[in-house]
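Structural overview
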Amino acid sequence: ILTEKRDSTGIITLNHAEKRNALSETLIEEITSALEGFRALEIRAVVLRAQPGIKVWSAGHDVNELPLRGRDPLGWNDPLRILIRSIQEFPAPVIGMIEGSVWGGACEVAMACDILIATPDAAFAITPAKLGVPYNLGGLMTLINMIPLPIVKEMLFTAQPLPADQALNLGIINYIKANDEIESFVFDMAQRIANNSPLSISSMKDSLRLLSSAHAVTPDLFEKIQGMRRIVYDSEDYQEGIRAFREKRKPRFMGK
Ligand code: YXS
């Protein structure tokens with residue numbers, strides 16, 4: 001990643017284009033430690049972006065780091081989960097500046113941002129079904145807090161990209177701006193945020209996080225869901241999804 005401080009705004013630029021900014025443990029650790037550094041500097045707005053003009057904002061979880069059979073690929077301490085929480089718990093607003101396509105877990109990273117501004121070519125594809133991955137409860141919570149349920153279902157079940165104009169119509173992203181306008185638009189908004197009360201904003205951001213995740217899940221319900229998910233990540237289909245990705249071929253899911 002590249003990091004930059006511009007007045008009270010901190011900028012994180014994903015910078016591993018040769019691997020399409022796949023969210024490896026290393027890349028995620030760089031992002032989370034940059035956020036920790038920004039917290040110490042009392043940064044008042046963060047911009048999370050990729051290199052200008054990029055075709056793929058992020059290809060999502062690094063598939064080569066997905067555990068093979070028998071382990072939850074999206075457990076509490078897995079890097080992607082740590083990244084999502086570090087964005088959601090950062091005391092200042094995080095603006096996702098999206099150019100290009102966003103895949104898999106990177107869609108959830110985008111949806112964990114507080115405000116999303118995208119270029120017309122941006123698109124969002126949530127792809128666990130393409131790999132045979134059972135998305136986790138917290139991750140689904142992030143998605144349904146940002147996306148209307150019928151659209152979340154369409155995105156999860158088809159694994160097809162949702163284009164920026166459709167995302168704007170649905171209120172998933174705040175603005176679409178042309179490539180040559182988006183940077184100044186995003187930084188102007190970051191500056192407006194930085195000029196307001198950081199204490200007020202931080203308390204409201206965290207209150208909204210707590211309110212939006214306040215869903216009663218009984219122990220039975222939780223264990224039922226975990227049991228269902230375990231059947232999936234223990235399945236042949238889960239292994240087939242990862243194998244197919246590595247062999248650069250279409251997966252053949254047999255439902256077992
Ligand atoms: O073959 P080399 O070594 O050059 O590397 C290739 C790809 O293997 C690598 N790469 C990735 N490596 C690990 N994890 C990834 N997700 C990943 N994506 C790409 O980057 C190099 C260039 O990739 P290539 O040749 O395919 O680039 P392209 O421009 O032709 O196509 C760009 C994409 C993004 C359309 C294509 O790379 C792609 O479809 N990537 C996978 C997108 C995806 O399905 N992501 C979901 C990952 S799983 C996840 O996020 C969650 C666990 S979940 O499944 O629950 O959503």
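**Regarding the layout of surface pockets**
- In this structure, the largest pocket occupies an estimated 1300 Å³ of space.
- Lining the largest pocket are 41 residues, and of these Gln88, Gly138, Met141, Thr142 and Asn145 lie nearest its centre.
- Contributing elements (two or more residues each) for the lining of the largest pocket: helix 2 (79–88), helix 3 (105–112), helix 5 (137–144), helix 6 (149–158), helix 9 (198–212) and helix 10 (219–233).
- Its residues placed into classes, the lining of the largest pocket shows 22 nonpolar, ten polar and nine charged.
- Taken as a whole, the second largest pocket spans an internal volume of roughly 880 Å³.
- Here the lining of the second largest pocket takes four residues from helix 11 (residues 236–246), the largest share from any one element.

**Section: the site of the ligand**
- Taken together, the neighbourhood of the ligand is formed by 23 residues, with Lys19, Ala59, His61, Val63 and Gly105 sitting nearest.
- At 2.9 Å from a nitrogen atom of the ligand is found a main-chain nitrogen or oxygen belonging to Val63.
- Lys248 is positioned with one of its side-chain polar atoms (N or O) 3.0 Å from an oxygen atom of the ligand.
- Here the ligand has 1000 Å² of accessible area as a free molecule, and 73% of this is covered by the chains.
- A molecule is said to occupy a pocket when more than half its atoms come within 2 Å of that pocket's grid points, and by this definition the ligand occupies the second largest pocket.
- The element best represented in the shell around the ligand is helix 4 (residues 128–131), accounting for three residues.
- Among the residues forming the shell around the ligand, the class breakdown is eleven nonpolar, six polar and six charged.

**Structural notes on helix 5**
- Of all the residues in helix 5, the buried ones are Gly139, Met141, Thr142 and Leu143.
- Packing partners of the buried residues in helix 5 comprise helix 2, helix 3, helix 6 and helix 9.

**Here we look at the packing of helix 1 (residues 25–40) against helix 2**
- It is the contact of helix 1 with helix 2, at a shortest axis distance of 10 Å, that shows an interaxial angle of 20°. In terms of axis orientation, helix 1 runs roughly parallel to helix 2. In this structure, helix 1 meets helix 2 at a crossing whose hand is left-handed. Contact residues: Glu25, Ile28, Ile31, Thr32 and Leu35 in helix 1; Pro79, Leu80, Ile82, Leu83, Ser86 and Ile87 in helix 2.

Parameters and conventions
Residues numbered from 1 in each chain as written. Predicted model: local features only at pLDDT ≥ 70, side-chain atom pairs only at ≥ 80, totals over all residues. Heavy atoms only, no water. 1 Å grid on protein atoms, 1.4 Å probe; cavity = no way out; pocket = protein on both sides within 12 Å on 5 of 7 lines; lining within 4 Å. Points joined across faces, edges and corners; volume = space filled by probe spheres on them. Helix = DSSP H or I, 4+ residues; strand = E, 2+ residues; numbered from the N terminus. Nonpolar A, V, L, I, M, F, W, Y, C, P; charged D, E, K, R; others polar. Near = heavy atom within 4 Å. Polar contact = N/O pair within 3.5 Å; in protein donor to acceptor, adjacent residues only side chain to side chain. Areas by Shrake-Rupley, 256 points an atom, 1.4 Å probe, with all protein chains shown as cover. Sits in = over half its atoms within 2 Å of the grid points. Buried < 20%, exposed > 50% of the residue type's maximum accessible area, 1.4 Å probe, protein only. Contact = heavy atoms within 4.5 Å. Axes fitted to C-alpha atoms, helices over the stretch in contact; angles between N-to-C directions. Parallel < 35°, antiparallel > 145°, perpendicular 65-115°, else oblique. Left-handed = near helix turned anticlockwise from the far one by under 90°.

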